[in-house]
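Examining the three-dimensional arrangement
These are the residues of each chain, in order.
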Amino acid sequence: MKNTMRVDLSDDEIPPSRGDGVGYLPENQLLERDEKMEERLLRKIDMRLCTIAGILCSLNLLDSGIISAASVTTIFQDLDLGSGNRYSVSILVYTVASVTFQLPATIAVRWLGPRVMFSAITIGFGVITLCTAFITTWRQMIGMRVLLGIAQSAIFPGLSYLISTWYTRKEQQLRYAFLQSGEVTVVGLGGFLNFGLNKLHGKGGLAGWRWMFLVQGLLAIVIGVLTYFWIVDFPENSHHSFHFLSADEQALAEARITEDRGDVKAEEFAWSKCLVHFKDLKIYGFCALFFCLNLVSTSLSYFLPIILQSGMGFSTDQAILLSAPPYFYAVIPVVISSIVGDHLQLRGLVITFNCICTVVGFSMLGFASQNAVRYAGTYLATGAYVSNWAAMNAYQASNIVGQWKRATFAAAITACNGLGGIAGSFIVRQPEAPRYITAIWVSIGSHIIIIGIVAIFTSYFFFANNQQKQGFRLLERTVDFRYTY
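Just so we're clear, the structure is a prediction, and the values are computed from it rather than from any experiment. (Residues numbered from 1 in each chain as written. Predicted model: local features only at pLDDT ≥ 70, side-chain atom pairs only at ≥ 80, totals over all residues. Heavy atoms only, no water.)

1. Digging into the environment of phenylalanine 178
- Of note, phenylalanine 178 is situated in helix α7 (residues 172-198).
- Looking at phenylalanine 178, the relative accessible area reads 31%, which means it is partly exposed.
- Considered as a pair, phenylalanine 178 and alanine 53 are 125 residues apart in the sequence and their alpha carbons are 8.9 Å apart.
- Apart from the residues lying within four places of it in its own chain, the contact partners of phenylalanine 178 are Asp46 and Cys50. (Helix = DSSP H or I, 4+ residues; strand = E, 2+ residues; numbered from the N terminus. Buried < 20%, exposed > 50% of the residue type's maximum accessible area, 1.4 Å probe, protein only. Contact = heavy atoms within 4.5 Å.)

This is the structure we're talking about:
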């Protein structure tokens, strides 16, 4: 970590456009601190933030796990959901609702605080999921999916934003990996839970898929209550968290972020302070990355049981069970690639490697003749796209400065991630079973595009850093800031 710290400067010492007015302390005024205390602080933050963040993020994939597992049971017949594109539309409306509310919902995380916001929306998610167990028509399913999308709109951007405020740029990718590891582990366990709940078919007069929604809705409500006491606030407000940091630990946490990039505290909110960041072309590049990534994420997470059943000939129970292991496997590459990314500070290289693995995985799934090889391809593709979610979040968070800029980028990126989900919900076409060739080629092509965008970013960041070193340019309106590529 760089051994310098930022302080406020007067207006004549910094560019007038600088929003938070920070610079670096001279060497004789550096903050001395206990390395062991810093290690203890990181462990404490990891235990309180990354754990619950992983569980909360898993609710999104938990939903996809429920509806995808239900898709190979009797839900299509019970709700007449299998006619035309109704199943795809039920996925579409969820994503549209989520995308629409993501920017205001992310800002609400800052206004209301993470404890209130995340506990409220998690309880709301649980109630809506529970109520879905008792619907009787596909139209009611569409309505519940809209409400569910609204309830979930703050989860991904809000948690990405919160994590980025607590960790330095060199620590972020591994923390996003922790988040993803917890998420995919819960989702994997959810696959086994769905298998067991489907065995309750007929009990209490409820179909197996209704038990899936009922039980996991109740679990989400319990998690929502626990979230209020478990999750932490932003660093400068961490004293509002329940039994978290001492005053000295909070001061250290703030000093670490101030030293790294100087944006520990948010300016007073105004919509103009968010909207102005849409002038930064980087936001569109990052949005394109997440759009392309979620094409694959959605097609696999929502349709994997269908692919296993219709494409590979497995039974309903086998399809539900076999959809879980690829998520457990994903923990390995996401942690390893994140350690490498944080250590080398080469995010683009890690993203490119993961893209190559995704292309190979989808090629195995689409073009191999043996089901064992095709199924192995789902492991490779799942591990790679999960790893890239952590890598891309660290990539964008490491290359921007400012609280409202972080909130704006997080919301816009997650919105485009959702738009990718909309496209991804339509690329797996049942008439193309067992090969689903459209989904295969779109997924391969999207990751070739990702590699191209990363190459453009790398060239730009390298050129901009050289200009900064020569004193010709001030990056992100921050003294001594350099892009991570």
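2. Some points on the packing of helix α3 (residues 86-112) against helix α5 (residues 138-151)
- One can describe the packing of α3 onto α5 by two numbers: an axis separation of 7 Å at closest approach and a directional angle of 25°. If you check the angle between α3 and α5, you find them roughly parallel. Where α3 crosses over α5, the handedness of that crossing is right-handed. Side by side, α3 and α5 meet where Arg86, Val89, Ser90, Ile91, Val93, Tyr94, Ala97, Ser98 and Phe101 of the first sit next to Trp138, Met141, Ile142, Arg145, Val146, Leu148, Gly149 and Ile150 of the second. (Axes fitted to C-alpha atoms, helices over the stretch in contact; angles between N-to-C directions. Parallel < 35°, antiparallel > 145°, perpendicular 65-115°, else oblique. Left-handed = near helix turned anticlockwise from the far one by under 90°.)

3. Focus: a nonpolar patch on the surface
- On the surface, Trp111, Leu112, Val116, Val225, Tyr228, Phe229 and Phe242 cluster together to form a nonpolar patch covering roughly 680 Å² of accessible area.
- For the nonpolar patch, the secondary structure elements donating two or more residues are α3 and α8 (208-230).
- Looking at the nonpolar patch element by element, the count peaks at three residues for α8.
- Among the secondary structure elements, valine 225 is positioned in helix α8.
- What makes valine 225 partly exposed here is its relative accessible area of 43%. (Patch = residues over 30% accessible without salt bridge, like charges linked within 9 Å, V, L, I, M, F, W, Y side chains within 5 Å. Areas by Shrake-Rupley, 256 points an atom, 1.4 Å probe, with all protein chains shown as cover. Salt bridge = Lys/Arg side-chain N within 4 Å of Asp/Glu carboxyl O.)

4. Re the confidence of the model for the protein
- Across the protein, the average pLDDT comes to 85, with 93% of residues at 70 or higher.
- Here strand β1 (residues 6-8) stands out as the least confident element of the protein, with mean pLDDT 38; helix α4 (residues 114-132) is the most confident, with 95. (pLDDT = per-residue confidence, 0-100.)

5. Remarks on the packing of aromatic side chains
- Across all of its chains, the model carries 23 aromatic pairs by this definition.
- Arranged with centres 5.3 Å apart and planes meeting at 50°, the rings of tyrosine 161 and phenylalanine 234 form a pair that is tilted. Of this pair, tyrosine 161 sits in helix α6 (residues 155-166) while phenylalanine 234 sits in the loop between α8 and α9 (247-260), and the two are 73 residues apart along the sequence.
- Classification of tyrosine 161 by relative accessible area gives buried; the value is 1%.
- By relative accessible area, which is 1% here, phenylalanine 234 ends up buried.
- Their ring planes at 80° and their centres at 6.1 Å tell us that phenylalanine 462 and tyrosine 485 sit as a pair that is edge-to-face. Within this pair, whereas phenylalanine 462 is found in helix α17 (residues 437-469), its partner tyrosine 485 is found in the segment after α17, the two being separated by 23 residues in sequence.
- Its relative accessible area of 27% is what places tyrosine 485 among the partly exposed residues.
- Taken together, the ring pairs connect Phe286, Tyr395, Phe409, Phe457, Tyr460, Phe461, Phe481 and Tyr483 into an aromatic cluster. (Phe/Tyr/Trp six-rings, centres within 6.5 Å; stacked < 30°, edge-to-face > 60°.)

6. Focus on the pattern of salt bridges
- Applying the stated criterion to the full structure yields 13 salt bridges.
- Arginine 256 is paired through a salt bridge with glutamate 38; the nearest N and O atoms lie 3.0 Å apart. Taken together, the residues arginine 256 in helix α9 and glutamate 38 in helix α1 (residues 35-70) connect sequence positions 218 residues apart. Accessibility classification places arginine 256 together with glutamate 38 in one group, the buried group.
- The network of salt bridges with common partners includes Asp280, Lys282, Lys405 and Glu476.

7. Here we look at unusual backbone geometry
- A positive phi angle, close to 50°, is found at histidine 243, a residue other than glycine.
- Structurally, the position occupied by histidine 243 is in the loop between α8 and α9.
- Here the phi dihedral of glutamate 476 falls at roughly 50°; this positive angle occurs in a residue that is not glycine.
- Looking at the element boundaries, glutamate 476 is found in the segment after α17.
- Residue classification places glutamate 476 among the buried positions, given a relative accessible area of 12%.

8. Brief notes about the state of the cysteines
- All chains considered together, the criterion is met by zero disulfides.
- Cysteine cysteine 274 remains unbridged, with the sulfur of cysteine 287 as its closest cysteine sulfur at 14 Å.
- Look at cysteine 274 and you get buried, because its relative accessible area is 0%.
- No disulfide involves cysteine 287; its sulfur sits 3.6 Å from the nearest other cysteine sulfur, which is in cysteine 416. (Disulfide = S-S within 2.5 Å.)

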